[in-house]
Amino acid sequence: MRVLLVDDETDYLEVTAKRLTRRGYEVTTASDCRSGLASLAGSPVDVVVLDLMLPDMDGNDCLKELRKDYPSLAVIMLTGHASVHTGLTCLENGANDYCLKPVPLDELVDKIEIVYRDMKLGDNTC
């Protein structure tokens, strides 16, 4: 499965990409929204893990941009500033799920597998 991680925290990107790669995922990374969208255009993925706080654009705005070209792509929002309102806003904007930072790797892997399976089955609700 191909996963795109979009996060401005370089250490988080490197560590998470290595750990997901060890679990058998093909992982690409981007440190901002524009780089993530450019990466998707050149190399499609199955799941995007998208940080809410990006340097060039709010994660929810990035999600809206992403949904214009990739309406059925599985997206998990990642945030360290979570609240019920934040989670609901992410889901209303088209995220398939969201995680709180720091997210344990096993939990992230479970969510990746679930949203991917649901997207393949045509169920994009949480």
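Residues numbered from 1 in each chain as written. Predicted model: local features only at pLDDT ≥ 70, side-chain atom pairs only at ≥ 80, totals over all residues. Heavy atoms only, no water.

Engineer: Which residues make up the pattern of salt bridges, and what values go with them?
Structural biologist: Counted by the stated rule, this structure contains 9 salt bridges. For Lys101, the salt bridge goes to Asp7, with nearest N and O atoms at 2.7 Å. Of this pair, Lys101 sits in the loop between strand E5 (97–100) and helix H5 (105–121) while Asp7 is found in the loop between strand E1 (2–6) and helix H1 (10–22), placing the two residues 94 residues apart along the sequence. According to the relative accessible area criterion, Lys101 is buried, its value standing at 19%. What makes Asp7 buried here is its relative accessible area of 1%. Across the salt bridge formed by Asp61 and Lys64, the nearest N and O atoms sit 4.0 Å from each other. With Asp61 and Lys64 both in helix H3 (residues 59–69), this residue pair falls 3 residues apart, about one helical turn. Residue classification places Asp61 among the partly exposed residues on the basis of a relative accessible area of 36%. The exposure class of Lys64 is partly exposed, given its relative accessible area of 42%. A network of salt bridges, in which partner residues are shared, links Asp7, Glu9, Asp51 and Lys101. (Salt bridge = Lys/Arg side-chain N within 4 Å of Asp/Glu carboxyl O. Helix = DSSP H or I, 4+ residues; strand = E, 2+ residues; numbered from the N terminus. Buried < 20%, exposed > 50% of the residue type's maximum accessible area, 1.4 Å probe, protein only.)

Engineer: Lay out the packing of aromatic side chains in plain terms, naming residues and giving numbers.
Structural biologist: This model, assessed by the stated rule, comprises 0 aromatic pairs. Sitting above the plane of the Tyr12 ring, Lys101 keeps its charged end 5.3 Å from the centroid. (Phe/Tyr/Trp six-rings, centres within 6.5 Å; stacked < 30°, edge-to-face > 60°. Lys NZ or Arg CZ within 6 Å of the ring centre and 35° of its normal.)

Engineer: Please provide a residue-by-residue account of a nonpolar patch on the surface, values included.
Structural biologist: Taken together, the side chains of Val84, Leu88 and Leu91 define a hydrophobic patch exposed on the protein surface, amounting to about 270 Å² of accessible area. Summarising the element assignment, Leu91 is placed in helix H4 (residues 84–92). Given a relative accessible area of 31%, Leu91 falls into the partly exposed group. (Patch = residues over 30% accessible without salt bridge, like charges linked within 9 Å, V, L, I, M, F, W, Y side chains within 5 Å. Areas by Shrake-Rupley, 256 points an atom, 1.4 Å probe, with all protein chains shown as cover.)

Engineer: How would you sum up H3? Please name residues and give values.
Structural biologist: Looking at H3, one finds that the buried residues are Gly59, Asn60, Cys62, Leu63, Leu66 and Arg67. Across the axial projection of H3, the buried residues extend over an arc of 150 degrees, all falling on one side. With respect to the buried face of H3, the exposed residues turned more than 90 degrees away are Lys68 and Asp69. On the buried face of H3, the contacting elements are helix H2 (33–42), strand E3 (47–51), strand E4 (74–79) and H4. At the N-terminal end of H3, a side-chain oxygen is found 2.8 Å from the backbone nitrogen of Asn60, two or three residues along, and the residue is Asp58. (Arc of directions from axis to C-beta. Contact = heavy atoms within 4.5 Å. Polar contact = N/O pair within 3.5 Å; in protein donor to acceptor, adjacent residues only side chain to side chain.)

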